[in-house]
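# Structural overview for review
Now for the letters of each chain:
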Amino acid sequence: MTDAATGGAVRVPALAPGDRAPNLTLPDLGGRTRKLYLEVTGGPVVVVTVPDPLSGPGRVALDGLARRAGQFRQAGAHCFVLTRRPPADPDVLGALVWIDPYGDAMALFRPSREDGEPSIASAAVLDANQRLVAIFPAESYGDPVAEAARLAETLAAAMTAGAHDLDRPAPVLVLPRLLPSGLCDRLAARGAGQPVQDPDTVRDVAQRLGARLGNEIRRVFQFRPVLRFDPFRIVDAATTAAARGATEEQPRRRFVVLVGLGAGNPGVAFPEFGPHVYRLEKGAAAAFSCELLYRPDAGSGTAAPVLATALAEPQSQA
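Note that the structure is predicted; figures quoted are calculated from it, not measured.

According to the stated counting rule, one finds 8 aromatic pairs in the structure shown. Measuring from ring centre to ring centre gives 5.6 Å for Phe221 and Phe255, while their planes differ by 40°; the resulting arrangement is tilted. Of the two residues, Phe221 sits in helix α7 (residues 199-221) while Phe255 sits in strand β12 (residues 253-260), which places them 34 residues apart along the sequence. Its relative accessible area of 6% is what places Phe255 among the buried residues. Cluster of aromatic residues (ring-pair linked, three or more members): Phe270, Tyr278, Phe288 and Tyr294.

Pasting the structure below:
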């Protein structure tokens, strides 16, 4: 890139601790476009940046990554390599390798040296919310990947600790008594994995959820576009895997909505924000952005039916 005013190159500033990494979108070694937020599912994120993967500090960093692949895997860390050309032995790295020919993504993880030039190689650690914790440049650390491994283990240990007073609450609305007890019982009796198709039941649920949720979302988020419910379905919180509400096939989804139906003390956790679980009493709903990674939690039950849907923008009528 160039600066029109000066004619000089524009430097992408490196991330500082606390900055959230953007949703990096780059091709992998097979040419497939990958997006950072769709590749991570909670846990620390390690980004090893090596403009030259075949010699010098870049090669040293990749050798260190290969030696510690098991250590990162045990910590539940997601590892990525940013580079301009393929490494000699990518299969031993235990990481997703992204090709960044123009270097804009790498610049985020290459802090300036004393001479003003960017670091020649580095290892960075992000938390589960994709916020930078630290960058270890090769110029300052003989083994930057070892430093990253120690920090990733520390973050992983903290994430497995028991729930405590929230210091990083997820941005989620938890609203009590949206559905009456009798309607919850009717829905739970359908069993997990079943869609809600009876017209009268669909109408009852949509009317009771819609009026309250619409007002709350407008008040809290000042989000006013017209939203419609995706089909309602019953899921089992005990067997539903972590996911995000937004998908490539459903780009118009804006909010996930989960409603507790009474059995099993279900809830929802957000792995990017810690181990805390937001419990859903019978008839209570949780609504949150489709961008967030969420994991239904069964609580004390072996089965915990939950009503699930999403609020989506309708297709344009134009």
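It is worth spelling out the sheet that holds strand β11 (residues 243-244) at this point. Strand order in the open sheet made by the 4 strands is β11-β16-β13-β14, with antiparallel pairing throughout. Since the sheet does not close on itself, it has two edges, and those belong to β11 and β14 (277-279), each with one partner. Pairing geometry for β11 and strand β16 (residues 293-297), over 2 bridges, is antiparallel. Pairing of Arg244 across the sheet is with Leu293, part of β16.

Tracing the backbone through its elements, the reader meets Leu93 in the loop between β4 (78-83) and β5 (96-99). Once residues within four sequence positions are removed from consideration, Leu93 is found in contact with Leu62, Leu65, Ala66, Ala69, Val81 and Pro87.

A word on the pairing of β4. Burial analysis of β4 places 6 of its 6 residues in the buried class, the great majority of the element. Of the two faces of β4, the one lined by His78, Phe80 and Leu82 and the one lined by Cys79, Val81 and Thr83 are each fully buried. Judged from the 5 bridges that link them, strand β3 (residues 45-49) and β4 form a sheet pairing that is parallel. Following the sheet pairing, Val47 is matched in β4 by Phe80. Note: β4 against β5, 4 bridges, orientation parallel. Across the sheet, Phe80 pairs through a bridge with Leu96, a residue of β5.

All right, on to the sheet that holds strand β7 (residues 132-137) then. Taken in spatial order, the 5 strands of this open sheet run β5-β4-β3-β6-β7, and their pairing is mixed. At either end of the open sheet lies a strand with only one pairing partner, and these are β5 and β7. For this sheet the average axis-to-axis angle between neighbouring strands, irrespective of direction, equals 20°. By the bridge criterion, 5 bridges tie strand β6 (residues 122-126) to β7 in an arrangement that is antiparallel. Bridge pairing in β7 places Ala124 opposite Ile135.

Reading the values: rules and limits
- Counting restarts for each chain: residues are numbered from 1 in the order of the written sequence.
- Only residues with pLDDT of 70 or above have their local features reported here, since the model is predicted, and side-chain atom pairs are shown and tallied only from 80 upward, although totals for entire chains, interfaces and linings are computed over all residues.
- Neither water nor hydrogens contribute to the side-chain values; these are computed over all heavy atoms in the structure.
- Two rings from Phe, Tyr or Trp (for Trp, the six-membered ring) form a pair when their centres sit within 6.5 Å of each other. Planes less than 30 degrees apart are called stacked, planes more than 60 degrees apart edge-to-face, and all others tilted.
- By the criteria applied, helices consist of DSSP H or I runs no shorter than four residues and strands consist of E runs no shorter than two, each listed in order from the N terminus.
- Only protein chains enter the calculation, and the probe is 1.4 Å; a residue is then buried if its accessible area is under 20% of its type maximum, exposed if over 50%, and partly exposed in between.
- A pair of strands counts as paired when DSSP detects no fewer than two bridges linking them.
- Contacts are assigned to residue pairs that have any heavy atoms within 4.5 Å of one another.
- For helices, the axis comes from a line fit to the C-alpha atoms of the stretch in contact; other axes are also lines fit to C-alpha atoms, and the angle between any two N-to-C directions lies between 0 and 180 degrees.

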